[in-house]
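Given next are the chains, with one letter for each unit.
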Amino acid sequence: MSHILSTYGRFPLTLVKGEGTRVWDEAGNSYLDFCSGIAVCALGHSPKVLVDAISQQAATLIHCCNLYHIPQQEELATLIVEKHVKLPGKVFFANSGAESNDGLIKSARRYGHANPQADGSPRYEVLSFKQSFHGRTLAGISATGQDKVKEGFNPLPTGFRHLPFNDLDALTAAIAPETVAIILEPIQGEGGVNVATPEFLRGVAALCKKHDLLLLLDEVQVGFGRCGDPMAWREIAPELEPDGISWAKGMGGGFPIGAFWLSDRPLDRGLQSAPENPATLSSLMGPGSHGTTYGGSPLACAASLAVLKEIADKKLIENVRAQEAHIRETIALWNHPLVTEVRGKGLLIGIGLDTEKMSTPEGKLPSIHLSAELIKSGLLAPPAGPATLRLLPPLNVTTEEVDQALKIVHSTLTSLQTSP
Ligand SMILES: Cc1ncc(COP(=O)(O)O)c(C=O)c1O
């Protein structure tokens with residue numbers, strides 16, 4: 001009998017080893033891994049640069065806590081702000097995506113105290129979107145726009161409302177005096193791989209300016225090259241200037257690390273960093289406002305530095321774009337009756353399924369059934385919602401590996417097809 005809490009319905013597979021895009025089970029069978037630990041293993045499994053960085057740092061200093069200065073944090077924050085975000089701001093290092101989002105939500109609450117409603121009471125409401133996913137902490141599930149994650153956890157933290165994604169009119173109508181922020185995934189991952197339209201993102205940014213709301217981007221799944229540009233929002237609306245961003249997953253390549261960034265913009269949008277009023281958005285999270293024992297340890301930061309350096313040195317973003325084009329072209333050529341569309345950006349690809357034409361056992365979700373069948377043919381690829389298969393290979397995946405994986409997807413789809 002297992003002593004693990006049964007919070008996951010796991011696939012019947014035990015992985016014991018990984019190398020590059022391949023993993024092996026305990027019986028020695030190998031699989032192509034297009035799950036990558038759900039968009040985590042950006043460089044594949046056990047890449048030398050990451051193993052070396054972790055080993056060297058582990059032999060030097062694993063942990064020392066945030067009561068002291070940590071040079072690896074400074075280096076990583078500088079890299080993220082100057083080379084990736086390219087907007088003035090400050091970074092807080094956490095351990096996961098949910099935690100990073102909690103940091104953004106806490107920052108929004110502070111902003112609502114600093115810039116309150118007309119009657120002086122704080123603004124506090126964060127608007128988010130249906131099908132969104134923001135993590136499993138209490139604030140994370142409150143922000144998440146999916147009922148299934150909230151069942152049985154009432155009362156949840158209040159101050160969240162969920163609106164239809166890509167619907168600017170609904171959002172405009174929803175903004176209330178107590179609203180303080182809008183949080184969104186530029187590309188919804190868990191909710192089915194739904195890409196925000198450029199008009200929507202631009203409209204959200206304009207509403208944030210007009211109503212003095214924080215624009216918070218959850219890039220936990222999509223950030224640092226998974227979707228092309230290290231900042232996924234730049235793939236959609238490059239001129240956007242968010243107020244806060246959260247990351248995790250791929251930034252550590254498998255080593256747990258998360259982060260959130262807050263803009264250095266003046267607290268009062270009307271003031272352009274006036275020297276007599278130096279207060280910035282990032283300064284709202286001052287000493288004592290937030291903390292973590294593990295977040296930003298020397299080991300976690302060394303791992304992330306190695307991953308981000310390798311992505312840049314090996315120009316992996318070019319590979320991400322080339323492989324996306326190759327995947328899209330190949331699937332379009334299939335003209336497969338079970339494929340309704342291909343969504344996503346870069347190497348976060350969602351294959352929409354016509355579930356009416358697919359044989360699925362009673363009580364099983366079609367996408368989960370497909371993922372289980374793919375495992376039998378040697379491919380790991382996770383579902384995203386009930387009718388979408390997700391492809392999340394490492395950013396350094398080769399064309400040969402993509403071809404092998406797509407061949408398995410094609411033949412498995414055909415084997416599950418019930419009508420032409
Ligand atoms: C967009 C998004 N935000 C937040 C999270 C939560 O991240 P974590 O599981 O690291 O807490 C996820 C995880 O899938 C995610 O996809």
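What counts, and where the lines are drawn
Residues numbered from 1 in each chain as written. Predicted model: local features only at pLDDT ≥ 70, side-chain atom pairs only at ≥ 80, totals over all residues. Heavy atoms only, no water. Axes fitted to C-alpha atoms, helices over the stretch in contact; angles between N-to-C directions. Helix = DSSP H or I, 4+ residues; strand = E, 2+ residues; numbered from the N terminus. Parallel < 35°, antiparallel > 145°, perpendicular 65-115°, else oblique. Left-handed = near helix turned anticlockwise from the far one by under 90°. Contact = heavy atoms within 4.5 Å. Nonpolar A, V, L, I, M, F, W, Y, C, P; charged D, E, K, R; others polar. Buried < 20%, exposed > 50% of the residue type's maximum accessible area, 1.4 Å probe, protein only. Near = heavy atom within 4 Å. Polar contact = N/O pair within 3.5 Å; in protein donor to acceptor, adjacent residues only side chain to side chain. Areas by Shrake-Rupley, 256 points an atom, 1.4 Å probe, with all protein chains shown as cover.

Asks: It is not clear to me how the packing of helix α2 (residues 48-60) against helix α9 (residues 298-313) should be interpreted in this structure. Could you clarify?
Replies: The angle between the axes and the distance between the axes are what describe a pair of packed helices. Relative orientation of the contacting elements α2 and α9 amounts to 155°, with a least axis distance of 9 Å. The pairing of α2 with α9 is recorded here as roughly antiparallel in orientation. Crossing of α2 over α9 shows right-handed handedness. From α2, Val-49, Leu-50, Ala-53, Ile-54, Gln-57 and Ala-58 reach across to α9, where they touch Pro-298, Leu-299, Ala-302, Ala-303, Ala-306, Val-307 and Glu-310. Looking at side-chain class alone, the contact of α2 with α9 contains eleven nonpolar, one polar and one charged residues.

Asks: Where do I start with the environment of Pro-71 in this structure?
Replies: Within the secondary structure layout, Pro-71 lies in helix α3 (residues 71-85). What makes Pro-71 exposed here is its relative accessible area of 58%.

Asks: What exactly am I supposed to notice about the site of the ligand here?
Replies: For the ligand, the set of nearby residues contains 13 residues, the closest of which are Gly-97, Ala-98, Asp-218, Gln-221 and Lys-249. Interatomic distance of 3.2 Å between a side-chain N/O atom of Lys-249 and an oxygen atom of the ligand. Burial of the ligand by the surrounding chains reaches 82%, relative to a free accessible area of 390 Å². Considering every element that reaches the shell around the ligand, the biggest residue donor is helix α4 (residues 97-114), with three residues. Tallied by class, the residues present in the shell around the ligand amount to three nonpolar, six polar and four charged.

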